[in-house]
Amino acid sequence: MVALRRAGYPVEVQERGAVVTAVLKGRPADGVLRADDVITAVDGQPVQTAAEAGAAVRRRAVGQPVALTVQRAG
């Protein structure tokens with residue numbers, strides 16, 4: 001994105017949620033989330049970025065369940 005903008009190309013960024021890049025084996029998300037899933041809400045509250053999703057999850061106590069709304073395969 002930065003390179004394209006510096007080269008003079010217009011770049012439109014559309015925040016659509018937090019993209020899952022990997023899921024670690026043996027962790028709570030293993031078998032639930034998949035790479036390329038997009039988290040669009042945490043506990044029913046929409047999130048537009050990975051930073052928003054992370055902040056929402058960190059507000060929960062360790063071990064406390066969290067509800068994620070996930071878009072998979074489009």
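Scroll up to find the structure.
A few words now on a nonpolar patch on the surface. There is a patch of nonpolar side chains on the surface, built from Val57, Val66, Leu68 and Val70 and spanning about 240 Å² of accessible area. Counting through the fold element by element, Val57 comes out in helix H2 (residues 50-58).

All right, on to the environment of Thr49 then. Examined against the element boundaries, Thr49 turns out to sit in the loop between strand E3 (45-46) and H2. Along the backbone, Thr49 and Asp36 are 13 residues apart, and their C-alpha atoms lie at a distance of 14 Å. Not counting residues up to four positions away in its chain, the partners in contact with Thr49 are Glu15, Gly17 and Ala18. At 3.1 Å, the side chain of Thr49 forms a polar contact with the backbone nitrogen of Glu52.

Let us look at the environment of Ala73. Checked against the element boundaries, Ala73 lands in the segment after strand E4 (68-71). With relative accessibility at 79%, the residue Ala73 sits in the exposed group. In the structure, Ala73 is positioned 35 residues away from Val38 in sequence and 8.9 Å away in space, judged by C-alpha atoms.

The rules behind the values
Residues numbered from 1 in each chain as written. Predicted model: local features only at pLDDT ≥ 70, side-chain atom pairs only at ≥ 80, totals over all residues. Heavy atoms only, no water. Patch = residues over 30% accessible without salt bridge, like charges linked within 9 Å, V, L, I, M, F, W, Y side chains within 5 Å. Areas by Shrake-Rupley, 256 points an atom, 1.4 Å probe, with all protein chains shown as cover. Salt bridge = Lys/Arg side-chain N within 4 Å of Asp/Glu carboxyl O. Helix = DSSP H or I, 4+ residues; strand = E, 2+ residues; numbered from the N terminus. Contact = heavy atoms within 4.5 Å. Polar contact = N/O pair within 3.5 Å; in protein donor to acceptor, adjacent residues only side chain to side chain. Buried < 20%, exposed > 50% of the residue type's maximum accessible area, 1.4 Å probe, protein only.

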